[in-house]
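Chain residues, written in single-letter form:
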Protein chains: 2
Amino acid sequence: MTANAQASHRLRAHEARCQTCSLSSLCLPLALNMEDIDQFDAIIRRRAPLRKGEVLFTQGDAFDCVFTVRSGSLKQITNENSGMEQLTGFYLPSELAGLDAIDSNCYPGTAVALETTTVCEIPFDRLNALSEQMPELRTQLFKSLSKELHEDRRMMMLLSRKTADERLASFLVNLSQRFRRRGYSPYSFRLSMARADIGNYLGLAVETISRILTRFQTQGLVDIRAREVHILHLDGLIELAEGECQGGR
Amino acid sequence: MTANAQASHRLRAHEARCQTCSLSSLCLPLALNMEDIDQFDAIIRRRAPLRKGEVLFTQGDAFDCVFTVRSGSLKQITNENSGMEQLTGFYLPSELAGLDAIDSNCYPGTAVALETTTVCEIPFDRLNALSEQMPELRTQLFKSLSKELHEDRRMMMLLSRKTADERLASFLVNLSQRFRRRGYSPYSFRLSMARADIGNYLGLAVETISRILTRFQTQGLVDIRAREVHILHLDGLIELAEGECQGGR
DNA sequence: CGGTACTTTGACCAAATTCAATCACTGTGG
DNA sequence: CCACAGTGATTGAATTTGGTCAAAGTACCG
């Protein structure tokens, strides 16, 4: 590698551009042409990486930006008056956080980094303005919102109709699919979240998560040591995740 | 009333216009000026009323329109492969159904009228196009999507952290508030859905709904006979709905 | 007026929670 | 380099909430 190439590499790493970003085919500008991407790129701010546990935005803060994860992962937690705390979602690279803040103009949850995480910060008013000139961008934004709605509906079904086993299987399958889409192995990955986070997200006690994971292990479905996951029998998990509920409950 | 006035009344009833619609302050065009409302109005199609049990759109159908309820109410049901059936929401007048179809380009659930129901049909491609020229409309559309996201998150919290009592109290309080916003009494209203629908929506068995409603009744919180609801002690219900979970589970 | 669909009530049961205790892993400071 | 603290994960036993099954009661519609 020449000195020149090294320098250019360092530059890219530091102030990455959408043009060179490996996530561009999954991210908001996915449908834009080169020219539009440049304009889009111009409104984005890159931040110093968040360290594990650092907060990206806090529940109640005034809304001004949405964020895409560039590397690492986030969790979003919502507190209700009564001290109830709900983990409403995990965000992986290329996923868009903060969309649920548009309506009320303040973030309805707190976003926390689960590991070292870099994000792109997109001021929403400028994004909104840009979406006027770029129908593809607007459509993509509508789609992102709609997709998250759709995901939430799946989650509602999971929470209200599925057993603990089915929930955990769904969770693992879902992660696996998201990793696959991003070009990582769908069979081997690292959980960036604690068991307690998984439990909170799935509406189950930590102990239940733990018990079921060991059961999955003894059944030969997965091999999990600490946070390292190896899926041994994906079809089995998928079958489990779908459940055979005959409309009960 | 003169014959003329009668005719004009009949006209309005038949092919209502946004300009004269009593819901305009709650509905999509809420931020538009007169001129824009006219343009918006022009893309809307009004349909013959749906009778109870009739289907507005079916899961899997190609997506082309979103719908606002003008009178009556809808439920949306999603079937998963495995025969699991989840009621993902109820739509009251001025609420927008079908937004969750934008991403996948087909309706992810079936919308069914719970009573005689009229809707406005809005072709999404034309709405999208119009939102290019009308920033207020675009913003309102983003807000509607975001709001539904937000609602779903509340629902996820309800499903994963609340007891049966808290869920049902939340449900009644939520309905009450939605009626209030629409100018109806928050204390007396009619449930357009069956107990089974409520149960499905809240992730509880019908029997549980029934038991808890009678308990609420004996506790003097409500007076319910058949589907007629009278809320006697709204604050009590609200308190119940919030629960005192200290972050458990 | 009769039938169908919806609702209520009771008895029993099972899944998942709670409580309690132990174990493993990480990182820090002596 | 190792002991120790602290967090996170696992396991077991007892409890509880809400589900299932069964049956009877009630409202609504033609």
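The structure displayed is predicted, hence computed values, not measured ones. (Residues numbered from 1 in each chain as written. Chains lettered and ligands numbered in written order. Predicted model: local features only at pLDDT ≥ 70, side-chain atom pairs only at ≥ 80, totals over all residues. Heavy atoms only, no water.)

## A short note on the UniProt feature "domain: Cyclic nucleotide-binding" (unreviewed entry) in chain A
Cross-referencing UniProt, the feature "domain: Cyclic nucleotide-binding" (unreviewed entry) maps to residues 40–126 of chain A in the present numbering. Counted over residues 40–126 of chain A, helix gives 8% and strand 43%. Its end C-alpha atoms are 9 Å apart. (UniProt positions renumbered as here; feature names shortened; annotations may be inferred. Helix = DSSP H or I, 4+ residues; strand = E, 2+ residues; numbered from the N terminus.)

## A few points about the protein's contact with DNA strand D
With respect to spatial proximity, 17 residues lie near DNA strand D, and among them S210, R211 and T214 of chain A together with A164 and T208 of chain B are the closest. Within 4 Å of the protein, the atoms of DNA strand D are drawn from sugar and phosphate moieties in a proportion of 63%. At a separation of 2.6 Å, a phosphate oxygen of DNA strand D approaches a polar backbone atom of A164 of chain B. Between DNA strand D and E207 of chain B there is a distance of 3.0 Å, counted from a base nitrogen to a side-chain nitrogen or oxygen. Elements represented by at least two residues in the surface near DNA strand D include exactly α6 (195–202) and α7 (206–218) of chain A together with α7 (206–218) of chain B. (Near = heavy atom within 4 Å. Polar contact = N/O pair within 3.5 Å; in protein donor to acceptor, adjacent residues only side chain to side chain.)

## What about the interface of chain B and chain A?
Across the contact, 55 residues belong to chain B and 56 residues belong to chain A. Between chain B and chain A, roughly 5200 Å² of surface is buried when both sides are summed, and carbon and sulfur atoms account for 58% of that area. Among the residues of chain B in contact with chain A, M84, F142 and R153 of chain B are the three that bury the most area, contributing 14% of the side total. At the surface where chain B touches chain A, the tally comes to 10 salt bridges. Residues D100 of chain B and R153 of chain A are paired through a salt bridge, measuring 2.8 Å at the closest nitrogen-oxygen approach. Sorting the residues of the side of chain B that touches chain A by element identifies β4 (74–79), β5 (85–91), α3 (124–133) and α4 (135–161) of chain B as the ones contributing at least two each. A per-element tally of the side of chain B that touches chain A places α4 of chain B first, with 20 residues. Of the residues contributing to the side of chain B that touches chain A, the split by class is 20 nonpolar, 19 polar and 16 charged. (Contact = heavy atoms within 4.5 Å. Buried area = accessible area lost by both parts, 1.4 Å probe. Salt bridge = Lys/Arg side-chain N within 4 Å of Asp/Glu carboxyl O. Nonpolar A, V, L, I, M, F, W, Y, C, P; charged D, E, K, R; others polar.)

## Observations regarding unusual backbone geometry
Residue and element names in this part refer to chain A. You will see that S94, though not glycine, has its phi angle at about 85°, which is positive. Looking at where S94 falls in the secondary structure, it is placed in the loop between β5 (85–91) and β6 (96–97). The phi angle at A226 is positive, at roughly 55°, despite the residue not being glycine. Here A226 shows up in the loop between β10 (222–225) and β11 (228–231). Residue classification places A226 among the exposed positions, given a relative accessible area of 59%. (Buried < 20%, exposed > 50% of the residue type's maximum accessible area, 1.4 Å probe, protein only.)

## Considering the protein's contact with DNA strand C
By nearness alone, 17 residues border DNA strand C, and A164 and T208 of chain A together with R195, S210 and T214 of chain B come closest of all. When atoms of DNA strand C within 4 Å of the protein are split into backbone and base, the sugar-phosphate part holds 65%. Between DNA strand C and R211 of chain B there is a distance of 3.0 Å, counted from a base nitrogen to a side-chain nitrogen or oxygen. Here a phosphate oxygen of DNA strand C and a side-chain polar atom of R227 of chain B are 3.4 Å apart. Listed by contribution, the elements that provide at least two residues to the surface near DNA strand C are α7 of chain A together with α6 (195–202) and α7 of chain B. The greatest single-element share of the surface near DNA strand C, amounting to four residues, is contributed by α7 of chain B. Taken together, the residues that form the surface near DNA strand C break down as five nonpolar, five polar and seven charged.

## Some remarks on the UniProt feature "domain: HTH crp-type" (unreviewed entry) in chain A
With numbering matched to this structure, UniProt assigns "domain: HTH crp-type" (unreviewed entry) to residues 162–235 of chain A. Here residues 162–235 of chain A is 55% helix and 15% strand, with 18 Å between the C-alpha atoms at its ends.

## Some remarks on the confidence of the model for chain A
Counting all residues, the mean pLDDT for chain A is 89, and 92% of those residues have values of 70 or more. Note that residues 245–249 of chain A has pLDDT below 50 and, in this model, 12 contacts with residues that lie over four places away or in other chains. (pLDDT = per-residue confidence, 0-100.)

## Side note on the relation of the copies chain B and chain A
For the pair chain B and chain A, the relating rotation is 180°, the translation along its axis is 0.0 Å, and the fit reaches an RMSD of 0.0 Å. The symmetry that links the two subunits is that of a two-fold axis. Here 100% of the contact residues of chain B are again contact residues in chain A; the copies associate through an equivalent surface. (Least-squares fit on C-alpha atoms with pLDDT ≥ 70 in both.)

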